[in-house]
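Examining the three-dimensional arrangement
Listed below are the residues making up each chain.
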Amino acid sequence: MSRYRVAVVGATGAVGTVMLRKLGERKFPAAEIVPFASERSAGRVLDGGLTVQPLTEETIQGFDLALFSAGATTSGEWAPRFVSAGAVVVDNSSRFRRDPEIPLVVAEVNPEALDGHRGLIANPNCSTMQLMVALKPIHATAGIERLIVSTYQSVSGTGVKAVAELTEQTRRVLEGEPPGEPAVYPHPIAFNVLGGAGNFPDGDDHTDEERKMMFETRKILGDDAIGISVTCARVPVIASHSESINVQTREPLSPEDARELLRAAPGITVVDDPATHGYPTAIAAAGHDDVFVGRIRRDPSHERALNLWVVSDNLLKGAATNAVQLAEVLDARGLIGARAGATA
Ligand SMILES: NC(=O)c1ccc[n+]([C@@H]2O[C@H](COP(=O)([O-])OP(=O)(O)OC[C@H]3O[C@@H](n4cnc5c(N)ncnc54)[C@H](OP(=O)(O)O)[C@@H]3O)[C@@H](O)[C@H]2O)c1
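Residues numbered from 1 in each chain as written. Predicted model: local features only at pLDDT ≥ 70, side-chain atom pairs only at ≥ 80, totals over all residues. Heavy atoms only, no water.

Notes on the side chain of N125
As a reminder of what qualifies: Secondary structure counts use DSSP, requiring at least four H or I residues in a row for a helix and at least two E residues in a row for a strand, with both numbered from the N terminus. Nitrogen and oxygen atoms within 3.5 Å of one another constitute a polar contact, given that in protein one can donate a hydrogen and the other can accept it, and given that sequence-neighbouring residues count only through two side-chain atoms. Any two residues whose heavy atoms approach within 4.5 Å at even a single point are treated as in contact.
Considering the arrangement of structural elements, one finds N125 in the loop between β5 (120-122) and α3 (126-142). For N125, the side chain forms a polar contact with the main-chain nitrogen of S127, separated by 3.0 Å. Here E209 takes part through its side chain, which lies 3.1 Å from a polar atom of the side chain of N125. In contact with N125, other than residues within four places in its own chain, are R97, E209, K212, E216 and G318.

Description of the site of the ligand
Selection criterion: When at least one non-hydrogen atom of a residue lies within 4 Å of a molecule or strand, that residue is treated as near it. Per-residue accessibility takes into account occlusion by the displayed protein chains alone, with areas from the Shrake-Rupley method and a 1.4 Å probe.
Around the ligand, the structure places 26 residues, and the nearest of them are T12, A14, S38, R40 and S41. For the ligand, an oxygen atom lies 2.8 Å from a polar atom in the backbone of V15. Within the backbone of V160, one N or O atom sits 3.0 Å away from an oxygen atom of the ligand. Look at the ligand: alone it shows 900 Å² of surface, and the protein chains cover 78% of it. Broken down by secondary-structure element, the contributors of at least two residues to the shell around the ligand are α1 (14-25) and α8 (316-332).

Looking at the layout of surface pockets
The criterion, for reference: Buriedness of a pocket was judged along seven lines, with at least five required to meet protein on both sides within 12 Å; pockets are open sets of points on a 1 Å grid over the protein atoms alone, cavities are sets where a 1.4 Å probe fits but cannot get out, and lining residues have an atom within 4 Å of a point. Grid points are joined across faces, edges and corners, and a volume is the space filled by probe spheres set on the points. Residue polarity is assigned by list, with Asp, Glu, Lys and Arg as charged and Ala, Val, Leu, Ile, Met, Phe, Trp, Tyr, Cys and Pro as nonpolar; anything else, Gly included, falls into the polar class.
Estimates place the volume of the second largest pocket at around 180 Å³. Around the second largest pocket, the lining residues are A11, T12, T17, L20, R21, R44, L46, D47, G48 and L50. A breakdown of the residues in the lining of the second largest pocket according to their chemical character gives four nonpolar, three polar and three charged.

Digging into the pattern of salt bridges
Stated formally: Salt-bridge detection follows one rule: a side-chain nitrogen of Lys or Arg within 4 Å of a carboxyl oxygen of Asp or Glu. Relative accessibility under 20% of the residue-type maximum defines a buried residue, over 50% an exposed one, and the middle range a partly exposed one, all with a 1.4 Å probe and only protein chains included.
In this structure the tally under the stated criterion is 21 salt bridges. In this structure, R211 engages D205 in a salt bridge whose closest nitrogen and oxygen atoms are separated by 4.0 Å. Judged by relative accessible area, R211 falls into the partly exposed class, the value being 31%.

Describing the sheet that holds strand β2 (residues 30-36)
Where we set the bar: Pairing between strands is defined by DSSP: at least two bridges between them are needed. Note on definitions: angles span 0 to 180 degrees between N-to-C directions of axes, and those axes are lines fitted to C-alpha atoms, for helices only across the stretch in contact.
Strands sit in the order β2-β1-β3-β4-β5 across an open sheet of five strands; the sheet is parallel. The open sheet has two edge strands, β2 and β5, and neither has a second partner. Across the sheet, the mean angle separating the axes of adjacent strands is 15 degrees when strand polarity is ignored. Note: strand β1 (residues 4-9) against strand β3 (residues 65-68), four bridges, orientation parallel. Each residue of the ladder has a partner; that of V6, found in β3, is L65.

A closer look at the packing of α1 against α8
Here is the rule: These descriptions rest on fixed angle ranges, namely under 35 degrees for roughly parallel, over 145 for roughly antiparallel, 65 to 115 for roughly perpendicular, and the rest for oblique. With the far helix as reference, a near helix turned anticlockwise by less than a right angle produces a left-handed crossing, and one turned clockwise produces a right-handed crossing.
Two elements in contact, α1 and α8, have axes separated by 9 Å at closest approach and are oriented at 45 degrees. It follows from the interaxial angle that α1 and α8 lie oblique. Helix-helix and strand crossings are classified by hand; for α1 and α8 the assignment is right-handed. Note on element contacts: α8 touches α1 through L316, A319, A320, T321, A323 and V324, opposite V15, V18, M19, R21, K22 and L23.

Right, dumping it as structure tokens:
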């Protein structure tokens, strides 16, 4: 079996921390794991004893695989350099997802897109990820004509500073103080719901988060004809994104058949028992790799539409777990580069 030299870039962040843990938990065949972060963190010793390295032309040499979660700017600058130095890069940022030459892959949904990669692979946006896992079996069986999605996204999706902001504002409000000036979000997040998760670039009336879901859904399912309408909201929840999904299929599909399809699909746990209030919740999903699906029911206003409630841990399947799963598929298919067998 090959054993790889693996770089984790953004190792001190919300996703990077979980990525390091997942590589160990899933026993990825790593001969060595090297954490990277910004200059600010260089030299810091992480739990587990690894020392954070700065990104330099010297430190990035000799890797087989690099898992990036350090933001789009860092990916744009450093991911191609890792590739030039011989590594395969799985990138969590939005930097390369729209490039038609770069595969955008969910492990259970379109692993075949990894074949023929050119060194760079994009991990989808966290909200899109769980949507794709839930919709793939429906798309494959009945086709999808139109989607209407509303998200309820946790603050860990924005990173460690957002978790700190929610925690601090919550503490202040509970102690009878004003929440203080927000720094990460445009409004206070504690005890609030923000109806536009993400940013509104260049006068757009949709947020970048909403645009990502519309674009990435079509690319991953390989179906440009799907109509998609998205509203992304940020809620004061630490972990797990929740989504209300209205899916209009091309062929008829009953809620019963949809439930069976979803039960049989990889990476999904169905929790759907209205009589006992059985449906997925953010807290119940946190810490689990699966995508949880419930509230599977007919949309009473349309004979070919179903409603679903889909919840998943954004730091796990939404980011770190999928990145490590992609590394596993790359390994299984012998797609980790020329040096892959060198340390076998
Ligand atoms: N959070 C999620 O659920 C999620 C899901 C999917 C994708 N993503 C994507 O993953 C990326 C990271 O997100 P996150 O939530 O983990 O953010 P985060 O908690 O803010 O962590 C950012 C990480 O990037 C590092 N970094 C920042 N600037 C750097 C630079 N110039 N050079 C090297 N490293 C640098 C930071 O290092 P320091 O500690 O030294 O500053 C830290 O390790 C983003 O692109 C995000 O869009 C996040």
